[in-house]
Amino acid sequence: MVELFVAEGAGVVVADVDSSRGSALATSLGSKAIFLQADMGEPQDVQALVDATVASLGGLHVMVNNAAVSSAMHPRLLDEDLADFERVMRINMRGIMLGTQAAARHMVTHGGGSIINISAISGLQAGFGVACYRVAKAGVIQFSKSAAIDLAGYGVRVNCIAPGNIRTGMNAFR
Ligand SMILES: NC(=O)c1ccc[n+]([C@@H]2O[C@H](COP(=O)([O-])OP(=O)(O)OC[C@H]3O[C@@H](n4cnc5c(N)ncnc54)[C@H](O)[C@@H]3O)[C@@H](O)[C@H]2O)c1
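Residue numbers here run from 1 along each chain, matching the order of that chain's written sequence. Two thresholds apply to this predicted model, a pLDDT of at least 70 for residue-level local features and 80 or more for giving and counting side-chain atom pairs, whereas whole-chain, interface and lining totals are computed over all residues. Where side-chain values are given, they derive from all heavy atoms of the structure, hydrogens and water being excluded.

Enquirer: Help me understand the environment of G129, please; the structure alone is not making it clear to me.
Expert: Each helix is a run of H or I in the DSSP string that is no shorter than four residues. Each strand is a run of E no shorter than two, and both are numbered from the N terminus. With respect to the helices and strands, the residue G129 is situated in the loop between β4 (113-118) and α6 (131-151). The buried category is assigned to G129, whose relative accessible area is 12%. Note: C-alpha distance between G129 and R76 (53 residues apart in sequence) is 6.2 Å. A contact between two residues is defined here by any heavy atoms of the two lying within 4.5 Å. For G129, the residues in contact, after removing those within four places along its chain, are H74, P75 and R134. Buried means the residue's accessible area, taken with a 1.4 Å probe over protein chains only, is under 20% of the maximum for its type, while exposed means over 50%, and partly exposed covers the values in between.

Right under this line is the structure:
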C-alpha cells in the first residue's frame, strides 16, 4: 500500500510499532516516505502520529488503519485465553477506533478525507481457530459502516477492505 501511494505521488508516513522494518520500508521509498514509530493501541501514540504527520506533510488526507496481530491458533474456543483476547482486541479493534477518531478529528476541520480500515475475510466467515481475530475483524466491518454514516456529513469517507489469506509476517508460520 505504501509503495502504491508513493508511486501515485503522495507523501506517506509509515507508522509501525516495529521500528526496524518500518524505517527500512520508508528508507527504501526515498524522500516521499518517512517513518514514525507508533503503537496503534495507545491513544497518545496515535494522536502524536496524526500531529506529526500534519506537521511533516502539511496535511492528512488518507488514513489507512492496517496494524493488527493474529490471535493464537488454538483449534478450540475452550482453549482460548483472556489475555490473548485482550491483546488482539487492543490492536485490531481499539486501534481502528483510535486511528479513525484521531484522523477524523483532523479531517472534519480540514476539508474532509478518506479513512480505510483493514478487516479480513475471517471477519465475514466463521471457521475453526483464531476466534478472537475473527471477532475483532467482524467488529472492524461494523465499526467502519457506522463511522461512514457518522462522518459522511463532514466529507470524510470511511471504507473497509477484507482481504483473504496472504502469506505475510502475520501468518508465515502456517
Ligand atoms: N495476511 C493475511 O492473510 C491477512 C488476511 C486478511 C487481513 N489481513 C490484515 O492485513 C493487515 C496487514 O497484515 P499483514 O498480513 O501485512 O501482516 P504483518 O504482520 O506483516 O503486518 C502487520 C503489521 O502491524 C504491525 N503492528 C502490530 N501491532 C502493532 C501496534 N500495536 N501498533 C502499530 N503497528 C503494529 C506489525 O509490526 C506489522 O508490521 C492486518 O490488518 C491484517 O489483519 C491479513
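From this point on, the discussion continues.
Enquirer: Would you mind going over the site of the ligand with me for this structure?
Expert: In the region of the ligand, 25 residues are neighbours, and D16, N66, Y133, I166 and T168 sit closest. Within 3.5 Å is the distance limit for a polar contact, defined as a pair of N or O atoms, with the added protein rule that one can donate a hydrogen and the other accept it, and that residues adjacent in sequence qualify only through two side-chain atoms. Separating a nitrogen atom of the ligand from a backbone N or O atom of M40 is a distance of 2.9 Å. Interatomic distance of 2.7 Å between a backbone N/O atom of I166 and an oxygen atom of the ligand. To measure how exposed things are, a 1.4 Å probe is used in the Shrake-Rupley method; for residues, cover is taken only from the protein chains shown. Computed on the free molecule, the ligand has an accessible area of 820 Å², of which 86% lies beneath the protein chains in the complex. Basically, the charged four are Asp, Glu, Lys and Arg, the nonpolar ten are Ala, Val, Leu, Ile, Met, Phe, Trp, Tyr, Cys and Pro, and anything else, Gly included, counts as polar. When the residues that make up the shell around the ligand are grouped by side-chain class, the tally is 13 nonpolar, seven polar and five charged. Whether a residue is near a molecule or strand is decided by its heavy atoms; if any one of them lies within 4 Å of it, the residue is near.

Enquirer: Explanation requested: the environment of D51 in the structure shown.
Expert: Mapped onto the elements, D51 comes out in helix α3 (residues 43-57). The exposure class of D51 is partly exposed, given its relative accessible area of 43%.

Enquirer: Sorry if this is basic, but what is going on with the nonpolar core here?
Expert: For soluble globular proteins, nonpolar side chains are generally found buried alongside one another. Side-chain atoms within 4.5 Å are what join buried Ala, Val, Leu, Ile, Met, Phe, Trp, Tyr and Cys residues into a set we call a nonpolar core. Of all hydrophobic cores here, the largest spans 18 residues; its most connected members are M63, M107, I115 and L151. Within the residue set of this core, elements represented by two or more residues are α3, α5 (94-107), α6 and β5 (156-161). It is α5 that provides the largest number of residues to this core, a total of five residues. Not counting residues up to four positions away in its chain, the partners in contact with M107 are L60, H61, V62, M63, G112, G113, S114, I115 and V156.

Enquirer: Would you take a moment to explain the packing of α5 against α6 for this structure?
Expert: Between two packed helices, what matters for the description is the angle formed by their axes and the separation of those axes. To obtain an axis, a line is fitted to C-alpha atoms, over the contacting stretch when the element is a helix, and the angle between two such axes runs from 0 to 180 degrees between their N-to-C directions. Their axes nearest at 11 Å, the elements α5 and α6 cross at an angle of 15°. Judged by the angle between their axes, α5 and α6 are roughly parallel. Between α5 and α6 the crossing geometry is right-handed. Contact with α5, carried on its side by I96, M97, T100 and A104, involves V140, F143, A147 and L151 of α6 and no other residues of that element. Residues of the contact of α5 with α6, tallied by class, amount to seven nonpolar, one polar and no charged. Angle categories are assigned with fixed cut-offs, so that under 35 degrees is roughly parallel, over 145 is roughly antiparallel, 65 to 115 is roughly perpendicular, and the rest are oblique. Less than a right angle of anticlockwise turn of the near helix away from the far helix marks a crossing as left-handed, whereas a clockwise turn marks it as right-handed.

Enquirer: What is the right way to look at the sheet that holds β5 in this model?
Expert: Sheet strands line up and pair through hydrogen bonds in the backbone, either parallel or antiparallel. Strands pair, by our definition, only if DSSP identifies at least two bridges between them. With parallel pairing, the three strands of this open sheet are ordered in space as β3-β4-β5. Bordering the open sheet on either side are β3 (62-65) and β5, each of which pairs with just one other strand. Across the sheet, the mean angle separating the axes of adjacent strands is 15° when strand polarity is ignored. With four bridges connecting them, β3 and β4 associate as parallel partners. Its bridge partner lying in β4, V62 is registered against S114. Contacting β3, β4 and β5, α5 runs over the sheet at an angle of about 175° to β4. Taken strand by strand, α6 contacts β4 and β5, and its axis lies near 160° from that of β5.

Enquirer: Is there a simple way to explain the pattern of salt bridges in this structure?
Expert: In a structure, side chains of opposite charge can pair up when their charged atoms sit close to one another. Every case where a carboxyl oxygen of Asp or Glu lies within 4 Å of a side-chain nitrogen of Lys or Arg is listed as a salt bridge. The final tally for this structure, using the stated rule, is four salt bridges. We note a salt bridge from R76 to D79, for which the minimum N-O separation is 3.4 Å.

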